[in-house]
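# Overview (structure and organization)
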Amino acid sequence: MNQHSRILFAGDPHGNFKPLIAAVHKYQPEAVILLGDYDLEMPLESCLQEIVNLTEIWWIAGNYDFESPEKYNNLFHSALSDKDLHLKVTKIAGLRVAGLGGIFLGRVWYPPQQPKWLGKQHYLYNQSVNIKRFDLSLKYKSAIWHDEFEILKTLKADILVTHEAPGSHRYGFKAIDELAIAMGVKNIFHGHLHENYIGTINKKINVFGVAKNAVVDLGGNTLESDNQAIQYLV
Ligand SMILES: [Zn+2]
């Protein structure tokens, strides 16, 4: 097996899992990592039925996965619910992979602004008694929370997978660069912006943007894509 294809990364499927399934049949990776935004009308394992026994399947959530209780449940209560990489480091095909799902949300934390809430408990505690909520709404669940982000920063990893983009992209966040540098990662793979590109941060961390329905390998090579054009950013 080609060393680069032992892990494949899938950009936002938005309901179309065919490119990922085709790539798994073709390249037989040890594992695949899905970068969020699934638009699930059925549980994740049902969409991936063809490959569920052929490879390890890991994922992070995107913003669309919190859009409705159905989409949320089809991911977070699926048979693959324990394969969520968010806020931890997981050994996958011999590499340490850190995950950061969700998005930066103005009402929670939108770097470089200061966080509005330090964490979920801080937010919940400060809701008025009349509307006291003991559980977060889906919108708030989709947010990246500052305190959890800071804890992730203290861990070490080889690869960071995120839904949001780092500062290498014009719509990215420097906070993710700082996370990657602190964790000592060499490569970042992200979805969300539906664009295939290769970039660099801090002169030595490679960034691979993975487009909607695209599949890339560990070397950032695009194996499946709606649009073969790849942009190179400095
Ligand atoms: Zn998307």
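Before reading on, note that the structure itself is shown above.
Residues numbered from 1 in each chain as written. Predicted model: local features only at pLDDT ≥ 70, side-chain atom pairs only at ≥ 80, totals over all residues.

With that out of the way, let us pick up the packing of helix H6 (residues 146–153) against helix H7 (residues 174–183). For the pair H6 and H7, interaxial distance at closest approach is 8 Å and the crossing angle is 30 degrees. Considering the angle they form, H6 stands roughly parallel to H7. Within the contact between the two elements, H6 uses Phe-149, Leu-152 and Lys-153 and H7 uses Leu-179, Ala-182 and Met-183. Split by residue class, the contact of H6 with H7 holds 5 nonpolar, no polar and 1 charged. (Axes fitted to C-alpha atoms, helices over the stretch in contact; angles between N-to-C directions. Helix = DSSP H or I, 4+ residues; strand = E, 2+ residues; numbered from the N terminus. Parallel < 35°, antiparallel > 145°, perpendicular 65-115°, else oblique. Contact = placed C-beta atoms within 7 Å. Nonpolar A, V, L, I, M, F, W, Y, C, P; charged D, E, K, R; others polar.)

We now examine the environment of Met-42. By secondary structure assignment, the location of Met-42 is in the loop between strand E2 (31–34) and helix H2 (44–47). Taking the C-alpha atoms as reference points, Met-42 and Phe-76, 34 residues apart in sequence, are found 12 Å from one another. Among all residues touching Met-42, those that are not within four sequence positions of it are Cys-47 and Asn-74.

Another aspect to go through is unusual backbone geometry. The omega angle of the peptide bond from Pro-111 to Pro-112 is 10 degrees, so this bond is cis rather than trans. With respect to the helices and strands, Pro-112 occurs in the loop between strand E5 (95–100) and helix H4 (120–125). The backbone phi angle of His-192 is positive, close to 75 degrees, even though this residue is not glycine. Counting through the fold element by element, His-192 comes out in the loop between strand E7 (187–190) and strand E8 (197–201).

Spatially, E3-E2-E1-E10-E11 is the arrangement adopted by the 5 strands of the open sheet, whose pairing is mixed. Single-partner strands in this sheet number two, and they are strand E3 (56–59) and strand E11 (222–224). When strand polarity is set aside, the average angle formed by the axes of neighbouring strands in this sheet is 30 degrees. The sheet contact formed by strand E1 (residues 7–10) and strand E10 (residues 215–217) spans 3 bridges and is antiparallel. (Pairing = 2+ DSSP bridges.)

If you look at the biggest cluster of nonpolar residues, it comprises 62 residues, and the most contacted ones within it are Ile-33 and Leu-160. At 5 residues, the largest contribution of residues to this core is made by H7. When near neighbours in sequence (up to four residues on either side) are disregarded, Ile-33 contacts Ile-7, Phe-9, Trp-58, Trp-59, Val-97 and Val-161. (Core = buried A, V, L, I, M, F, W, Y, C linked by C-beta atoms within 7 Å. Buried ≥ 20, exposed ≤ 12 C-beta atoms within 10 Å, placed from the backbone.)

In the sheet, E8 pairs with strand E9 (residues 205–209) via 5 bridges, with the strands oriented antiparallel. Within E9, the residue paired with Tyr-197 across the bridge is Gly-209. The turn linking E8 back onto E9 is made up of 3 residues, and Asn-202 within it adopts a positive phi angle of 55 degrees.

Interpretation in functional terms is not warranted from these geometric data alone.
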